[in-house]
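Chain and residue survey
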Amino acid sequence: MTQLYWQTIGTGDRNLVMLHGWGLNADVWQNVVERLSPHFCLHLVDLPGYGRSRDFSPMSVEQMVATLLPQAPEKALWLGWSLGGLVASKLALLHPERVSGLITVASSPAFSAADGWPGIKPETLAGFQQQLSENFQRTVERFLALQTLGTESARQDARLLKSVVLDLPAPDSAVLDAGLEILRTVDLREEMKALTVPLLRIYGALDGLVPRKIVPLLDAAWPASQSTIVEKAAHAPFISHPEVFCQQLIDFGSKNSA
């Protein structure tokens, strides 16, 4: 049977499930585990098809939710970064009784740019999909470099992300392609208006993949949610600004524990 990698660590009495982004794995959180462990029982997951869960076939967002749920705590805070934010959001929409709070990090309900909606140009995502089949490693490295662009610690942050990818066997190119397809096509903007659980949205001011221009648009569309922008951070604020990031989680967790 195909096994989902699921590591539980920490001494806190609140469950926090952490979902990584495209191309990566749960090791991306190592930078913040020590700070968060006294406050939470952390559940560090490799999404199906990624990292140590690489034996899974390509999946839709709904299929990922169905795969994650059986191993999850009965009630937890769910955090999703980037692509993981779409998965965590869909889980909170489908199974709100299992979620005490939702945190999305550098994530968007619709990653593709459209009329009046800031995001990644669809042709950029399509280009990455095409390049994947031609040169897997270079494509992933380019995507990782985009995630740290503009920060004071950009080179160091990109190195850390790259080591997280290269230390484990690479995901299958079909899984990566399916992940890009999710980023290109999924749109949860309307669905999320019906969300019934507390929501915290964390952004990087310099993020080139999830532009800060979406923050006021979602503040207006989802008035019950709260948002925060980490200045001088890009797409991975938990790597460039771990203290600020962790404090946001601790404050939100203390108000919304199961």
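Calculation rules
- Residues numbered from 1 in each chain as written.
- Predicted model: local features only at pLDDT ≥ 70, side-chain atom pairs only at ≥ 80, totals over all residues.
- Heavy atoms only, no water.
- Helix = DSSP H or I, 4+ residues; strand = E, 2+ residues; numbered from the N terminus.
- Rg over C-alpha atoms; globule rule 2.2 N^0.38 Å.
- Buried < 20%, exposed > 50% of the residue type's maximum accessible area, 1.4 Å probe, protein only.
- Contact = heavy atoms within 4.5 Å.
- Areas by Shrake-Rupley, 256 points an atom, 1.4 Å probe, with all protein chains shown as cover.
- UniProt positions renumbered as here; feature names shortened; annotations may be inferred.
- Pairing = 2+ DSSP bridges.
- Axes fitted to C-alpha atoms, helices over the stretch in contact; angles between N-to-C directions.
- Expected span 1.5 Å × (residues − 1).

**A word on the overall build of the chain**
Along the chain, the regular secondary structure elements total 10 helices and 7 strands. Radius of gyration (C-alpha) of the chain: 17 Å, near the 18 Å computed for a compact globule of 258 residues. For the chain, the spread of C-alpha atoms along the three principal axes comes to 45 × 45 × 35 Å. Out of the 258 residues belonging to the chain, those deemed buried represent 56%. Counting contacts in the chain only where the partners sit at least 6 residues apart, residues at least 24 apart contribute 77% of the total. Within the structure as shown, the chain displays about 10900 Å² of accessible surface, and the carbon and sulfur contribution to it stands at 49%.

**Let's talk about the UniProt feature "binding site: substrate" (unreviewed entry) in the chain**
Residues annotated by UniProt as "binding site: substrate" (unreviewed entry) correspond here to Trp 22, Ser 82, Leu 83, Phe 143, Leu 144, Ala 145, Leu 146, Gln 147 and His 235. With respect to the secondary-structure elements, Leu 83 resides in helix α3 (residues 83-94). Residue classification places Leu 83 among the buried residues on the basis of a relative accessible area of 0%. Contacts of Leu 83, omitting those with residues within four sequence positions, involve His 20, Gly 21, Trp 22, Tyr 50, Phe 111, Gly 179, Ile 182 and Leu 183. The topology assignment puts Leu 144 in helix α5 (residues 136-148). The exposure class assigned to Leu 144 is buried, which follows from its relative accessible area of 4%. Apart from the residues within four sequence positions on either side, Leu 144 is in contact with Leu 24, Leu 161, Lys 162 and Val 165.

**Regarding the sheet that holds strand β6 (residues 199-204)**
Ordered in space as β1-β3-β2-β4-β5-β6-β7, the 7 strands form an open sheet in which the pairing is mixed. Each edge of the sheet is formed by a strand with only one pairing partner; in this case those strands are β1 (6-9) and β7 (226-230). In this sheet, adjacent strand axes meet at a mean angle of 20° when their direction is disregarded. Pairing geometry for strand β2 (residues 14-19) and strand β3 (residues 40-45), over 6 bridges, is parallel. Residue pairing in the sheet places Met 18 in a bridge with Leu 44 of β3. Most of the contacts of helix α8 (residues 214-221) go to β6, to which it runs at about 170°, and overall it touches β6 and β7.

**Brief notes about the UniProt feature "domain: AB hydrolase-1" (unreviewed entry) in the chain**
UniProt records the feature "domain: AB hydrolase-1" (unreviewed entry) at residues 16-242, using the numbering of this structure. Between the end C-alpha atoms of residues 16-242 the distance is 16 Å, and the span holds 41% helix and 15% strand.

**Side note on helix α4 (residues 122-134)**
Between its first and last C-alpha, α4 extends 19 Å over 13 residues, near the 18 Å set by a 1.5 Å rise per residue. Listing the buried residues of α4 in full gives Leu 125, Gly 127, Phe 128, Gln 129 and Leu 132.

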